[in-house]
Amino acid sequence: MDYVHLRRQAASLRKGLFDQGYLDEQFYQLEDLQDDASPNFVEEVVTLFFRDSTRLMANIDQALDKCVKDFNKLDVYMQQLKGSCTSIGASRMKTECTAFRECCRDENIEGSHSLSILNLCMRSFQKIKREHSVLRQKLESYFQLLRQAGPVECATRPNK
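Residues numbered from 1 in each chain as written. Predicted model: local features only at pLDDT ≥ 70, side-chain atom pairs only at ≥ 80, totals over all residues. Heavy atoms only, no water.

**Topic: the overall build of the chain**
When helices and strands are tallied, the chain shows six helices and zero strands. Nonlocal contacts in the chain, meaning residues at least 24 apart in sequence, comprise 72% of its contacts between residues at least 6 apart. Approximately 9500 Å² of the chain is accessible, and the part contributed by carbon and sulfur atoms is 51%. (Helix = DSSP H or I, 4+ residues; strand = E, 2+ residues; numbered from the N terminus. Contact = heavy atoms within 4.5 Å. Areas by Shrake-Rupley, 256 points an atom, 1.4 Å probe, with all protein chains shown as cover.)

What follows is the structure, given as C-alpha cells:
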C-alpha cells in the first residue's frame, strides 16, 4: 500500500476542513497535545465530542418537541454544545450554535413564543444537525486515512 499517498490524501482532507471553515485554530492546538504517549489523542477527543454532542442534540430535540418551549433550558443546552464545538475547533457548528442562542434570547425578551422566532430556532437547529453530520463524516474519513497510513516519524504543522 502507498502510505505516502494515504498521508497526502489525509493532509488534503484536513486542509479542506480548514479551508471550508469546518475547523479552526483550536484543532491545531488539540493536535499539539498529541504525543507518543497518546498517539490517538485527537481522535479520542473528537470521538468523545461526537458522543456528547449527539446526546446534547437529543436533549434539544426533546425540548423542542414539547408543547411549551423552555427557551432558557434550550439556551443552556446550546451553550453546552457550543462549548463542546469550541473545544475541538468545530467552527461552523459553533457559529450555528451562536445563531440558535440568539433566537432563544430573542424569545426570552419578547416572551410571546413568536412563531417566527420559533421557526428561526428550528431552522438554526436543523443547520446544526447538518453541520454535525457532515463534520462527523469528514473527520471519520480523515482519521480512517490516518489509521491506514500508519504512524508518522515527526508531525509538523502545515504552513497557513
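There is more to say, and it comes next.
**Focus: the nonpolar core**
Phe 27, Ile 60, Leu 81, Phe 100, Ile 128, Leu 135 and Leu 139 are the most contacted members of the largest nonpolar core, which has 42 residues in total. Per-element accounting of this core gives the leading share, 11 residues, to helix H6 (residues 115–149). The contact partners of Leu 139, leaving out residues within four places of it in the chain, are Leu 17, Leu 23, Phe 27, Val 46 and Phe 50. (Core = buried A, V, L, I, M, F, W, Y, C linked by side-chain atoms within 4.5 Å. Buried < 20%, exposed > 50% of the residue type's maximum accessible area, 1.4 Å probe, protein only.)

**Description of the packing of aromatic side chains**
According to the stated counting rule, one finds five aromatic pairs in the structure shown. Consider the rings of Tyr 142 and Phe 143, whose centres lie 5.2 Å apart with planes at 55°: the pair is tilted. Looking at Phe 143, the relative accessible area reads 7%, which means it is buried. Grouping aromatic residues by their ring pairs yields a cluster made of Phe 18, Phe 27 and Tyr 28. If you follow Arg 92 out to its NZ or CZ, it ends over the ring of Tyr 22, 4.1 Å from the centre. (Phe/Tyr/Trp six-rings, centres within 6.5 Å; stacked < 30°, edge-to-face > 60°. Lys NZ or Arg CZ within 6 Å of the ring centre and 35° of its normal.)

**Description of the pattern of salt bridges**
Counted according to the given criterion, the structure contains nine salt bridges. For the salt bridge of Glu 31 with Arg 14, the shortest nitrogen-to-oxygen distance reads 2.5 Å. Taken as a pair, Glu 31 in helix H2 (residues 25–33) and Arg 14 in helix H1 (residues 3–19) lie far apart in primary sequence, 17 residues in all. In this structure, Arg 147 and Glu 43 form a salt bridge, with 2.2 Å as the shortest nitrogen-oxygen distance. Residue Arg 147 is found in helix H6, and its partner Glu 43 is found in helix H3 (residues 41–65); the two are separated by 104 residues along the sequence. (Salt bridge = Lys/Arg side-chain N within 4 Å of Asp/Glu carboxyl O.)

**Re the packing of H2 against H3**
Axis separation between H2 and H3 bottoms out at 8 Å; the angle between their running directions is 130°. Overall, the two elements H2 and H3 adopt an arrangement that is oblique. Residues Phe 27, Leu 30, Glu 31 and Leu 33 of H2 touch H3, and the partners they reach there are Phe 41, Val 42, Val 45 and Val 46. For the contact of H2 with H3, the per-class residue count stands at seven nonpolar, no polar and one charged. (Axes fitted to C-alpha atoms, helices over the stretch in contact; angles between N-to-C directions. Parallel < 35°, antiparallel > 145°, perpendicular 65-115°, else oblique. Nonpolar A, V, L, I, M, F, W, Y, C, P; charged D, E, K, R; others polar.)

**With respect to the packing of H2 against helix H4 (residues 71–88)**
Packing of H2 against H4 leaves a shortest axis separation of 6 Å and a crossing angle of 60°. Regarding the angle of H2 to H4, the classification is oblique. Packed against H2, whose contacting residues are Gln 26, Phe 27 and Leu 30, the element H4 presents Thr 86, Ser 87 and Ile 88 at the interface. A class-by-class count of the residues in the contact of H2 with H4 yields three nonpolar, three polar and no charged.

**What to know about H3**
A rise of 1.5 Å per residue sets the reference length of H3, with its 25 residues, at 36 Å; its end C-alpha atoms lie 36 Å apart and thus fit the reference within 8%. Those residues of H3 that fall on the buried side of the exposure criterion are Val 42, Val 46, Phe 49, Phe 50, Ser 53, Leu 56, Met 57, Ile 60, Ala 63 and Leu 64. (Expected span 1.5 Å × (residues − 1).)

**Examining H2**
Along H2, the residues that are buried comprise Phe 27, Tyr 28 and Leu 30. Down the axis of H2, the buried set is contained in an arc of 155°. They therefore lie on one face. Exposed and facing more than 90 degrees away from the buried side of H2 are Asp 32 and Leu 33. (Arc of directions from axis to C-beta.)

Read these as layout, nothing more, since geometry by itself doesn't imply function.
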